[in-house]
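So the chains spell out like this:
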Amino acid sequence: MESLPEAARLRNAVIRLNRRLRQERGAGSLSPNQLTVLGHLRRNGPSTPGQVAEAERQRPQSLTRVFAELEAEGLIVREPGTTDRRRSVLSLTEEGRRALERDMAERDAWLAPALETLSETERGVLALAAEVMERLAKAEVRAPEDG
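Residues numbered from 1 in each chain as written. Predicted model: local features only at pLDDT ≥ 70, side-chain atom pairs only at ≥ 80, totals over all residues. Heavy atoms only, no water.

K.L.:
It is not clear to me how the side chain of Thr48 should be interpreted in this structure. Could you clarify?
P.N.:
Along the chain, the position of Thr48 falls in the loop between helix H2 (32-44) and helix H3 (49-55). Residue classification places Thr48 among the buried positions, given a relative accessible area of 10%. If sequence neighbours within four positions are ignored, Thr48 has contacts with Arg87, Ser88 and Val89. (Helix = DSSP H or I, 4+ residues; strand = E, 2+ residues; numbered from the N terminus. Buried < 20%, exposed > 50% of the residue type's maximum accessible area, 1.4 Å probe, protein only. Contact = heavy atoms within 4.5 Å.)

K.L.:
Looking at this structure, how should I read helix H5 (residues 94-116)?
P.N.:
The end-to-end C-alpha distance of H5, which contains 23 residues, comes to 32 Å, matching closely the 33 Å that a straight helix rising 1.5 Å per residue would cover. If you look at H5, its biggest bend is around 30 degrees, right at Asp108. Looking at H5, one finds that the buried residues are Gly96, Ala99, Leu100 and Asp103. Contact partners of the buried residues in H5: H2 and strand S2 (88-92). (Expected span 1.5 Å × (residues − 1). Bend = angle between axes of the 7 residues up to and from the residue.)

K.L.:
I would appreciate a short explanation of the layout of surface pockets in the present structure.
P.N.:
Vacant regions in the atomic arrangement are exposed by a probe of water-molecule size rolled over the atoms. As a volume, the largest pocket reaches approximately 2,800 Å³. Val14, Asn18, Met133, Glu134 and Ala137 are the residues nearest the centre of the largest pocket, which is lined by 47 residues in total. Elements that contribute at least two residues to the lining of the largest pocket include exactly helix H1 (4-23), H2, H5 and helix H6 (120-137). Of the residues assigned to the lining of the largest pocket, the class counts are 27 nonpolar, four polar and 16 charged. (1 Å grid on protein atoms, 1.4 Å probe; cavity = no way out; pocket = protein on both sides within 12 Å on 5 of 7 lines; lining within 4 Å. Points joined across faces, edges and corners; volume = space filled by probe spheres on them. Nonpolar A, V, L, I, M, F, W, Y, C, P; charged D, E, K, R; others polar.)

K.L.:
Mind showing me how you'd approach the packing of H2 against helix H4 (residues 60-72) here?
P.N.:
How two helices pack is summed up by the angle between their axes together with the distance between the axes. Where H2 contacts H4, the two axes come as close as 10 Å, and the packing angle between them is 75 degrees. By the angle between their directions, the pair H2 and H4 is classed as roughly perpendicular. Note on element contacts: H4 touches H2 through Leu63, Val66, Phe67, Glu69 and Leu70, opposite Asn33, Gln34, Val37 and Leu38. Residues of the contact of H2 with H4, tallied by class, amount to six nonpolar, two polar and one charged. (Axes fitted to C-alpha atoms, helices over the stretch in contact; angles between N-to-C directions. Parallel < 35°, antiparallel > 145°, perpendicular 65-115°, else oblique.)

K.L.:
Would you mind showing me how to read the nonpolar core here?
P.N.:
One recurring pattern in soluble globular proteins: nonpolar side chains tend to sit buried together. Core analysis: the biggest nonpolar cluster contains 17 residues, and Val37 and Leu38 have the highest contact counts within it. Not counting chain neighbours up to four residues away, the residues in contact with Val37 comprise Val52, Leu63, Val66, Phe67 and Leu70. (Core = buried A, V, L, I, M, F, W, Y, C linked by side-chain atoms within 4.5 Å.)

K.L.:
Can you help me understand the pattern of salt bridges in this one?
P.N.:
Any two side chains of opposite charge can pair, given that their charged atoms come close. Following the criterion strictly, the structure yields 10 salt bridges and no others. For Arg20, the salt bridge is made with Glu24, and the minimal N-O distance between the two is 2.9 Å. On the accessibility criterion, Arg20 (35% relative accessible area) is partly exposed. Across the salt bridge formed by Arg78 and Glu71, the nearest N and O atoms sit 3.2 Å from each other. In this structure Glu71 comes out as partly exposed when scored by relative accessible area, which is 33%. Here the salt bridges do not stand alone but share partners, grouping Glu94, Glu95, Arg97, Arg98 and Arg102 into one network. (Salt bridge = Lys/Arg side-chain N within 4 Å of Asp/Glu carboxyl O.)

Everything listed here is a matter of geometry and, on its own, says nothing about what the molecule does.
Structure follows, in structure tokens:
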């Protein structure tokens with residue numbers, strides 16, 4: 001595969017930037033899994049626990065504690081489903097939306113001035129790269145089988 005070195009370089013850069021953005025979050029911030037759940041509900045609206053887990057490529061059991069924590073903190077609500085009352089539906093509360101926005105603002109507070117250290121051309125390249133990375137994140141491709 002010709003693009004493997006390019007893929008490795010991109011992966012490494014994304015991981016390093018993600019790590020730095022996590023470091024810029026304040027003490028007592030939401031956990032990565034909590035952010036994942038809140039972000040999913042913000043983007044997609046009310047969802048079942050299974051839908052959240054599937055979309056985030058996690059097992060529902062792995063998120064059970066996260067759902068309970070978010071519910072206890074008043075950041076999400078769990079209600080019976082309308083068609084199948086045995087299945088619960090999770091929704092983002094206004095407090096959950098504010099918590100997510102605070103977390104994003106903390107990271108943006110570091111990123112905005114960091115972007116100012118770049119040239120206008122470099123910022124333009126990153127704006128284009130952000131659009132391309134969004135499309136890449138949605139790509140439906142399978143990794144080749146080992147063997």
